[in-house]
Every structure is written in structure tokens, then in C-alpha cells.
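As a plain string of letters, each chain reads:
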Amino acid sequence: DLVTAGTGALQRRWRAQLPGIEFLPSGVHLAAFSGPPPAEPAALRALPRPRVLYVGSLNDRVNGPLFLAAARAVPEGSVGVVGPRTAAFQLGGAEPRNLHFLGLKPHAELAGARGGVPLYPHLRRAVCSSGATPCLRCEPASSSMPCHCR
């Protein structure tokens, strides 16, 4: 068996209990973002523009109220969320009609998710204290998309 850690901090944290733990760094699949983009995923194509997009897991390290604020900021547009939603995720209010939880999508479809503003709703205290990967901004940055971080 092989146990991997996505950050050096996690590897160091577990090395005493798991001496063979390997560090497997995060990265960007550049081939998916080079050349002409693939077709836009149907689930995103149906969302009104302007669009704010988030791709990732929704858990207790994510700032749920930021999704509400983003949805209120673009009432004529939409906020699309692609990824699993855990029980630990707290939105912090009533779900607006322009906030769309789309569930998991195949990675191959995500390269076609261009033309929106990516949202980085990770709580700084959670990312910094959990050993979470520091390159949360890599894939959208590689596609030359503008970013909004909070």
C-alpha cells in the first residue's frame, strides 16, 4: 500500500505514524488548458451570464456566506458551484435562485468552463492550519481567467 500527502505539511504531520508516506505535489494539467478550449459543459452553458464559478469540495474550510454575497452581487447572473457538497458546509442563509450547485463533473469537462470569474472562498484560517495545498489558484490562472479571492 502507498499513502500520499498533497502537501509537505501533511507529510510531516503524519510521518511518525506512517514512515513511508510520500509527498505527491499538486499541479496543473496544462494540456487540458492549452490550445482551443473544449465545448462548454452543458450544465454551465445553461447558466445566465455574468457567471461566478467555483470548482471544488464544499466543506467546513469554505466560506459559505461568500457564495451568498457573490449571488447577491450578480442578481442578473449566476454563481455555479461544481463539486461535492459535504454536511459540514454551511451556506449561512437562504439559497438564492441564482446559486446553482451542479455536483461533480468529469475533469475533462472542466477545461471548457471558461468565461466566468473564478471564486476562491477558502477560509484563510482553515487553509493555513490544515496543511491544505497552497496552489488553489493554479488552474484558473493557467487559463488566463480573472480571479476574485477573499
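Going by the structure above, here's the rest.
Procedures and definitions
Residues numbered from 1 in each chain as written. Predicted model: local features only at pLDDT ≥ 70, side-chain atom pairs only at ≥ 80, totals over all residues. Heavy atoms only, no water. Salt bridge = Lys/Arg side-chain N within 4 Å of Asp/Glu carboxyl O. Buried < 20%, exposed > 50% of the residue type's maximum accessible area, 1.4 Å probe, protein only. Helix = DSSP H or I, 4+ residues; strand = E, 2+ residues; numbered from the N terminus. Core = buried A, V, L, I, M, F, W, Y, C linked by side-chain atoms within 4.5 Å. Contact = heavy atoms within 4.5 Å. Phe/Tyr/Trp six-rings, centres within 6.5 Å; stacked < 30°, edge-to-face > 60°. Lys NZ or Arg CZ within 6 Å of the ring centre and 35° of its normal. Polar contact = N/O pair within 3.5 Å; in protein donor to acceptor, adjacent residues only side chain to side chain.

Tallying each qualifying case throughout the model produces 3 salt bridges. In this structure, Arg-49 engages Glu-40 in a salt bridge whose closest nitrogen and oxygen atoms are separated by 3.4 Å. Judged by relative accessible area, which is 48%, Arg-49 ranks as partly exposed. Using a relative accessible area of 19% as the deciding quantity, one classes Glu-40 as buried. For Arg-85, the salt bridge goes to Glu-95, with nearest N and O atoms at 3.6 Å. Taken as a pair, Arg-85 in the loop between strand S4 (78-82) and strand S5 (99-103) and Glu-95 in the loop between S4 and S5 lie far apart in primary sequence, 10 residues in all.

Bringing the nonpolar core into the picture now. Inside soluble globular proteins, nonpolar side chains tend to come together where they are buried. Counting residues in hydrophobic clusters, the biggest one holds 16 residues, and the most contacted among them are Tyr-54, Leu-58, Phe-67, Val-79, Val-81, Leu-99 and Leu-119. Listing elements by their share of this core, those giving two or more residues are strand S3 (51-55), helix H4 (64-73) and S4. Broken down by element, the residue count for this core peaks at 5 residues, all from H4. If we ignore the near neighbours within four places in the chain, the residues touching Leu-99 are Phe-67, Ala-71, Val-79, Val-81 and Leu-91.

Another aspect to go through is the environment of Phe-89. Inspection of the secondary structure puts Phe-89 in the loop between S4 and S5. Using a relative accessible area of 6% as the deciding quantity, one classes Phe-89 as buried. In this structure, the C-alpha to C-alpha distance between Phe-89 and Arg-61, residues 28 residues apart in sequence, is 8.0 Å. Beyond its immediate chain neighbours, meaning those up to four positions away, Phe-89 contacts Leu-58, Asn-59, Asp-60, Val-62, Gly-64, Phe-67 and Phe-101.

So, on to the packing of aromatic side chains. Applying the stated criterion across every chain, the model contains 3 aromatic pairs. Measuring from ring centre to ring centre gives 6.4 Å for Phe-89 and Phe-101, while their planes differ by 70 degrees; the resulting arrangement is edge-to-face. Of the two residues, Phe-89 is situated in the loop between S4 and S5 and Phe-101 in strand S5; the sequence distance between them amounts to 12 residues. When its relative accessible area of 23% is taken as the criterion, Phe-101 is described as partly exposed. In this structure, Arg-85 is placed above the aromatic ring of Phe-101, and the distance from its NZ or CZ to the ring centre is 4.0 Å.

All right, on to the side chain of Asn-98 then. With respect to the helices and strands, the residue Asn-98 is situated in the loop between S4 and S5. On the basis of relative accessibility, which here comes to 11%, the residue Asn-98 falls in the buried class. A polar side-chain atom of Asn-98 sits 3.0 Å from the main-chain carbonyl oxygen of Val-74. What Asn-98 contacts, discounting residues up to four positions off in sequence, is Ala-71, Val-74, Pro-75, Gly-77, Ser-78 and Val-79.

What follows deals with unusual backbone geometry. Along the chain, Arg-49 connects to Pro-50 via a cis peptide bond; the corresponding omega equals 0 degrees. Mapped onto the fold, Pro-50 is located in the loop between helix H3 (42-45) and S3.

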